[in-house]
Amino acid sequence: MNKRTQLFFLLLIVTLIASFVGHLFAGQVKITLSDYWNALFHLDESNTNHLIVREFRIPRAVIAVIAGAGLSVAGMFMQTLFNNPLAGPYVLGINTGSSLFVAFSMMTGLSFLQSDVGIISSALLGALIFGFIILFFSFFTRHHVTLLLVGLMLGSFTGAIISVLQTMSSAQELKAFTIWTMGSLQHVQFDQLPLVILFFALGTIGSLFLIKPMNVLVLGEKSTELLGLNIQSVRVFTIIITALFTGVVTAFCGPIAFVGLAVPNLTKTLFRTQNHSILLIGNFFIGAIFLLISDSIIQLLEATIQLPINAFTSLVGAPFIIYIVLKRLK
Amino acid sequence: MIQFNTVEIGYKQALLTINKLELKRGEVYALIGSNGSGKSTLLNTILKKIPVLAGDVYLNSTAVASYSVTELAKTIAFVDSKFDGIEHLSVVDYIGLGRTPYTNALGRLRSEDHAIVDAAIEKLNLGTFRNRETLQLSDGERQMVSIARAICQSTPIILLDEPTAFLDYGNRKKLIETLNEIAKTENKCVLFSTHDIEICLEEKGINLLVINQSKKELELYSNTISKSEIISIGFSLVNE
C-alpha cells in the first residue's frame, strides 16, 4: 500500500465518522448529545427524543452506511465480472428482480410473505434470479452497451408485470408497495437492525473471498482459467454475493439508483489501482459516505421539499454516469 | 517434459499428426508453420483447451486430460501474442498475478512470493518501470512484463503464442534471446510459435519444430538446418 493510498484511507475514515455524526444530527427535531447517551443507556420510553433516537435516527444512519457500502461493493463486483464500467445492480436489473418479488409478496395478501423474513427472502430470491438472467445474457454479448440495454428491457418488462399486479391488489397493499418503491432509509426499525447487519456481514465475509478472483479476472476470462481459477464458480459466486447485498438493501430501503454504478467508478479513479482489496475498502467507505451525506441533505431539506432517496441519488448519479459514458466509451 | 505419442490434433478433423516426440526441460522450441497449419491448435491442445482426436499428450508422464485447472496452472504458464495493458494495473501488481496458483483463498502474496516477483523483475531488467501502469508501456516492454509474469508462475513449461508478432526487429531478437536464456538458466521447457525464422536460426541452441505442410506432421530439427530447407518443408515453396 503506497503513501497516497494510506492517506486516502485515513481521510475516508475521518470523513465517514464525521458524516455519520453529522447524519445523526441532521433531522428536523433538535436532539442533543445527552439525548443520544440516555436513549442508548438510560432509555425513558415516555421521552419523545429518546424514541426518535432509537426508532429513527440510529437505524437510519446505520442503514445508510450498509446500503451505501453494500450497493457500491456489489457494483464493483459486477463491473469487474462483466468487464464493464457501466454495470451495476440497478442498471442491470438486479434491483428490478428484487422489486418484482417484493411486489409479489406484498400484494399476495399472505401474511407470511409480508413479514420481514418473507420480504427479505423474496428480495434475495428476485435479485439472485435476475442476476443469473443477466449472467446468461452476458454470454451472448461482449459489448458494454448491449448488456445495459438488456438490463433496461428487463426493467421495463418487470415494470409492466408490477403494474398488472398493482391493478389486482387492495388499496392498502398498493399504498405499502408504492411507498416502498420510492426508496427510503427511514423504514428500518431498531429491532430489524440485527437482521440487516447479519446479512450485510455475510456479504462482507463472502466479498473477502472474491478479492483474489476479481484481481485475476481483470486480465480476462481466458487468463483467469490459465492462472488456475475455475471461471464458472467465480461467476456464480460473484452473482450470489452481489444478489445478497442488493437483495437485503432493496428489501429494507426500496430500489436505490446509481450508487452501485457511480461509486465504484469514482473509487477506481481516486485510488488508481486494480487491487480489489483496496477497491473493496474504498467502495465500502465512499459508498457509505455518499449515502450518509445524501440522506443528511434530504433531511435538512425536509421542511421545504420531500425528496425520496432514489430521486436524490438519480439527480446526482445520472449526470456523473453521462460523464463516464462520454469519457470512457467515446 | 511434454511427450507426444502418435497424437492427432485439430477441431473435429485432424489438422496435424505428431508421431513420437519429447520436448525437454532446459530447451527452447520454436514452432514454425504456415498460417492455418495448426500452431495455435497445438498450443491450445497442450493447454487442454481442445481435446486430442487420437493419442495423448503427456506432461511429465501424466496425460493432459487428467490435469485439473489448478494443477495445469502450476505446470504451464502461457503468454499471449499481445497484452494490451490495463488501466490502473501496475507492472508489479500484474507480475504478482503470476503467483495466483500458489496464494491462499484471499490472494495475499507472502514474502517468498514478493521475493520471486522481485527476482523476475531483476532478471528481465524491468526495475525502472516496476511501478508504472501497464497501459503506459510500449508493446516491447509489455511483452517482457508478460514473460516476467510467466516466470513468476514457477512452472516447468512456458508456452507463448507468436510472442514476437507485434514487435520491431530489435525487440524480436531481444525477446527470443531472453526465452533462450530463461530455458537454460531456469531449466524450463519453452515452446513458442513464430514466423521469425532468421532470428531463430541465428540464435544458438534453438530447436525448430516445423509443421511439414505436405505430410501434415510435426518435425523436429536442430538449428543447423538452412532457411531454404525450412521454407520448402513448412511452406511448400522451393527456394531457388
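Residues numbered from 1 in each chain as written. Chains lettered and ligands numbered in written order. Predicted model: local features only at pLDDT ≥ 70, side-chain atom pairs only at ≥ 80, totals over all residues. Heavy atoms only, no water.

**Student:** Tell me what's going on with the overall build of chain A, and back it up with residues and numbers.
**Tutor:** For chain A, the count of helices and strands is 15 helices and zero strands. Its C-alpha atoms give chain A a radius of gyration of 20 Å, within 12% of the compact-globule value 20 Å for 330 residues. In terms of principal-axis extent, the alpha carbons of chain A reach across some 65 × 55 × 35 Å. Partitioning the intrachain contacts of chain A with sequence separation of at least 6 by distance along the chain shows that 75% fall at a separation of at least 24. Of the roughly 14400 Å² of accessible surface on chain A, 71% is carried by carbon and sulfur atoms. Within chain A, one finds 16 positive and 11 negative side-chain charges whose respective centroids are separated by 22 Å. (Helix = DSSP H or I, 4+ residues; strand = E, 2+ residues; numbered from the N terminus. Rg over C-alpha atoms; globule rule 2.2 N^0.38 Å. Contact = heavy atoms within 4.5 Å. Areas by Shrake-Rupley, 256 points an atom, 1.4 Å probe, with all protein chains shown as cover. Lys, Arg positive; Asp, Glu negative; His and termini not counted. Charge placed at Lys NZ, Arg CZ, Asp CG, Glu CD.)

**Student:** How would you summarise the nonpolar core if you had to cite specific residues and measurements?
**Tutor:** Core analysis: the largest hydrophobic core is formed by 149 residues, its most contacted members being F82, L185, F252 and I256 of chain A together with I95, L126 and L208 of chain B. Of the residues forming this core, the biggest block, 18 residues, is contributed by helix α3 (residues 48–81) of chain A. Look past the residues within four positions of L126 of chain B in its chain and what remains in contact with it is I95, I121, M144, V145 and A148 of chain B. Residues V7, V64, L209 and L218 of chain B belong to the second largest nonpolar core, which totals 30 residues. (Core = buried A, V, L, I, M, F, W, Y, C linked by side-chain atoms within 4.5 Å. Buried < 20%, exposed > 50% of the residue type's maximum accessible area, 1.4 Å probe, protein only.)

**Student:** Please give an account of helix α4 (residues 111–123) of chain B that cites residues and values.
**Tutor:** Residue and element names in this part refer to chain B. The terminal C-alpha atoms of α4 lie 18 Å apart, and with 13 residues this matches the ideal 18 Å at 1.5 Å per residue to within 8%. Among the residues of α4, D113, V117, A120 and I121 are the ones counted as buried. Looking straight down α4, one finds its buried side chains confined to an arc of 100 degrees; they lie on one side. Looking at α4, the residues exposed on the side facing more than 90 degrees away from the buried face are S111 and E122. Check the buried side of α4 and you find it contacts α3 (91–96) and α5 (139–152). (Expected span 1.5 Å × (residues − 1). Arc of directions from axis to C-beta.)

**Student:** Lay out the pattern of salt bridges with the relevant residues and their values.
**Tutor:** Residues and elements named next belong to chain B. The full count for this structure, using the stated rule, is 16 salt bridges over all chains. We note a salt bridge from R110 to D113, for which the minimum N-O separation is 3.1 Å. A relative accessible area of 39% means that R110 is categorised as partly exposed. For D113, a relative accessible area of 0% corresponds to the buried category. Residues E198 and K227 are paired through a salt bridge, measuring 2.9 Å at the closest nitrogen-oxygen approach. Of this pair, E198 sits in helix α7 (residues 197–202) while K227 sits in helix α8 (residues 227–234), placing them 29 residues apart in sequence. Its relative accessible area of 33% is what places K227 among the partly exposed residues. (Salt bridge = Lys/Arg side-chain N within 4 Å of Asp/Glu carboxyl O.)

**Student:** I'd like to hear about the layout of surface pockets, residue by residue, with values.
**Tutor:** To locate leftover empty space, one rolls a probe as large as a water molecule over the atoms. Approximately 1200 Å³ is the volume found for the largest pocket. At the level of elements, α1 (3–24), α10 (211–217), α13 (259–271) and α14 (276–301) of chain A together with α3 and α4 of chain B are the ones that each hand at least two residues to the lining of the largest pocket. With four residues, α10 of chain A is the single largest residue contributor to the lining of the largest pocket. Of the residues assigned to the lining of the largest pocket, the class counts are 15 nonpolar, 15 polar and eight charged. (1 Å grid on protein atoms, 1.4 Å probe; cavity = no way out; pocket = protein on both sides within 12 Å on 5 of 7 lines; lining within 4 Å. Points joined across faces, edges and corners; volume = space filled by probe spheres on them. Nonpolar A, V, L, I, M, F, W, Y, C, P; charged D, E, K, R; others polar.)

**Student:** An account of the interface of chain B and chain A is needed here, citing residue identities and associated values.
**Tutor:** Counting from both sides, the interface comprises 24 residues of chain B and, opposite them, 20 residues of chain A. Summing both sides of the interface, chain B and chain A together bury roughly 1900 Å²; the carbon and sulfur share of this comes to 64%. Applying the counting criterion to the chain B and chain A interface returns two salt bridges. With a closest N to O distance of 3.3 Å, E225 of chain A and K49 of chain B form a salt bridge. Linking chain B to chain A there are seven residue pairs in polar contact (both at pLDDT 80 or more). Ranked by the residues each element gives to the side of chain B that touches chain A, the list is headed by helix α2 (residues 69–73) of chain B, at three residues. (Buried area = accessible area lost by both parts, 1.4 Å probe. Polar contact = N/O pair within 3.5 Å; in protein donor to acceptor, adjacent residues only side chain to side chain.)

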